[in-house]
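# What the coordinates show
So you can see what is in the structure, the chains are spelled out below.
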Amino acid sequence: MKVRRQQKIKRTAKRQGAAGTPVKPAPKPNFSTEMIPKDRYTSRDYMQREWEHMWTKVWLLGCREDDIPEPGDHIVTEIGPDSILLIRQKDRSVRAFYNVCQHRGNQLVHAVHEPQEAEESLRCHYHNWQYRLDGRFFDIPDLETFPQGAPPCGGLIGLPCDTWGSFVWFSLDPDVEPLLDYLGIIPEHLDPYHLDRMVLKEWKTVEWDCNWKASVDAFNESYHVQGIHPQLLYYLDDLDIQIDCYERHSRYLIAFGVLSPRVVSPSEIPPPIKVVMRDAGMDPASYEGSVYDAREAIQKFKRKNGPKQGRDYSALNDDQLTDDYHYMIFPNITMNVHADDLMLFRQRPHPEDPNKMFFDYWMFELPDNEFDDEEYKRPKWRQYKHGETSLGLVINQDAYNLPFVQKGMNSAGYSGLWLGDQELRIRHFHKTLEDYVSGDTAKPRTKAGS
Ligand code: FES
Ligand SMILES: [Fe+2]
């Protein structure tokens, strides 16, 4: 279907100063157009290779820093078959350990994804072995009955751990490169949002019947908006998108508060754009401009009124006041980053089945003047099966569809992904993934632009 373009998205590239999120397009990578074989999504053999060569070599997001603010606070996160314990130290750093007692292998902490507190030590409830916050043995009951002494490992088995962007990261690779090297352009691009100022409003996990990559793919392209989310065509431009591929990670910049060129201009401002206006504090009834000027009007309004509302946009460019700067941190973090909120999705592989995954849904908001610190209650984590909870209309639409994608991929009548230019990030993701899985990570990846 040919589409009529009635507007050209204005981007702030030329108005951008030296500070802030870089907006210059990255050099276009030159990928082959080959089909991506479907077995990467369906085969247990590939899943195993992915675990050995990729999941155990990268940095992974473990929790939010404010999940464990005080020394002794700790939380368990799971990745594939493993369970990882993150503990706030007395010097305020965070350490990561395999969540397993060195006596008979009991998991040291049983509660998953829920912050816990401890004073001096953590105790395994099977035989009461105790560990200090830094992982060393603290007490082993009846140690004299072990003629060989305590295990020579000295305590819990530690893992690389670091923090960036208000999040705690860990790696299953003891020799992994430093976190900031791994993240590459990400801190420079996202620090201007001051993610640490955002407050957690919702977080839950849903088990989906699809491979984790099917979910990552669904958030890495806007081509499916016209199919799955037709209502968004009255809210964003799904065609004029800036796609940037960096060394491992990628992004697209997508204008919100505009019409898709796929739809005919309505006689009045569409309801979704009115919602954006109201969220900004504008009264849509008093807006007299055209729909094509709404995005710029919202940007101007927010720039002027943000400080009065208690929102500091000073490090953001005008586009960031309306648009979606969507980042993908390889391998499994997809983020819709906005001036006033962050929708962060972590896709985790199922420990045994390539046809299942865990979708972690984190919603953060930038507090305004009306936010009451005292009243705020951190939402409790819960896990659901597919369909047991709502993730909002848009994500529900994605969630509804994904199990059908997975079933289709398992059909003898399907061979692999046939990708177009709008799906460039999926191709880039697969190239990075294959560099890991084939053990070829020394190969130069797509050169980072900035
Ligand atoms: S398994 Fe932990 S104390 Fe025995
Ligand atoms: Fe979607």
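Because the structure is predicted, anything quoted here is derived from the model rather than measured.

## Description of the sheet that holds strand β11 (residues 167–171)
Taking strand neighbours across the sheet as the criterion, the three strands line up as β2-β11-β10 in an open arrangement whose pairing is antiparallel. Two strands lie at the open edges of the sheet, namely β2 (59–64) and β10 (161–164), each paired on one side alone. Across this sheet, the average inter-strand angle for adjacent strands is 35°, counted without regard to direction. In the sheet, β10 pairs with β11 via four bridges, with the strands oriented antiparallel. Counterpart to W164 in the pairing with β11 is F167.

## Quick look at the packing of helix α2 (residues 44–55) against helix α10 (residues 424–437)
Packed helix pairs are characterised by how far apart their axes lie and by the angle those axes make with each other. For the pair α2 and α10, the least separation of the axes is 8 Å and the interaxial angle reads 90°. Considered as vectors, α2 and α10 are oriented roughly perpendicular to each other. Two secondary-structure elements touch here, α2 through R49, E50, H53 and M54 and α10 through L433, Y436 and V437. Considered class by class, the residues forming the contact of α2 with α10 number four nonpolar, one polar and two charged.

## Quick look at the environment of G154
Relative to the helices and strands, G154 resides in the loop between β8 (137–139) and β9 (158–159). For the pair formed by G154 and F137, sequence separation is 17 residues and the distance between their alpha carbons is 6.2 Å. Apart from residues lying up to four places away in sequence, G154 is in contact with R136 and F137.

## Quick notes on the nonpolar core
Residues I84, L85, L86, F170, Y327 and L344 are the most contacted members of the largest nonpolar core, which totals 102 residues. It is strand β18 (residues 357–365) that contributes the most residues to this core, six residues altogether. Looking at which domains feed residues into this core, each of domain 1 (12–45 + 197–437) and domain 2 (59–175) gives three or more. In this structure, I84 is in contact with G62, V76, T77, I79, A96, Y98, N99, L159 and F170, ignoring residues within four places of it in sequence.

## Considerations on α2
The α-helix advances 3.6 residues per turn, and as a result positions three or four apart in sequence lie on the same side. By the burial criterion, the buried members of α2 are M47, E50, M54 and W55. Taken around the axis of α2, the buried residues stretch over an arc of 70°, which confines them to a single face. In α2, the exposed positions angled more than 90 degrees off the buried face are occupied by D45 and Q48. The elements touched by buried residues of α2 are β3 (74–79), β17 (341–349) and α10.

## Side note on the pairing of β2
Consecutive residues of a regular strand have side chains that alternate between opposite faces of the sheet. The element β2 is extensively covered by neighbouring structure, given that six of its six residues are classed as buried. Note that β2 and β11 share five bridges and pair antiparallel. Opposite C63, over in β11, you have V168 as the bridge partner.

## So, the domain arrangement of the chain
When the domains of the chain are assigned, the result is domain 1 (12–45 + 197–437) and domain 2 (59–175). Using only C-alpha atoms to locate each centre, domain 1 and domain 2 end up separated by 33 Å. In this assembly, seven residues from domain 1 lie in contact with seven residues from domain 2. With three residues, the top contributor of residues to the side of domain 1 that touches domain 2 is β17. Here the residues of the side of domain 1 that touches domain 2 are counted per class, giving five nonpolar, no polar and two charged.

Criteria and thresholds
Residues numbered from 1 in each chain as written. Chains lettered and ligands numbered in written order. Predicted model: local features only at pLDDT ≥ 70, side-chain atom pairs only at ≥ 80, totals over all residues. Pairing = 2+ DSSP bridges. Helix = DSSP H or I, 4+ residues; strand = E, 2+ residues; numbered from the N terminus. Axes fitted to C-alpha atoms, helices over the stretch in contact; angles between N-to-C directions. Parallel < 35°, antiparallel > 145°, perpendicular 65-115°, else oblique. Contact = placed C-beta atoms within 7 Å. Nonpolar A, V, L, I, M, F, W, Y, C, P; charged D, E, K, R; others polar. Core = buried A, V, L, I, M, F, W, Y, C linked by C-beta atoms within 7 Å. Buried ≥ 20, exposed ≤ 12 C-beta atoms within 10 Å, placed from the backbone. Domains from an automatic or database assignment. Arc of directions from axis to C-beta.

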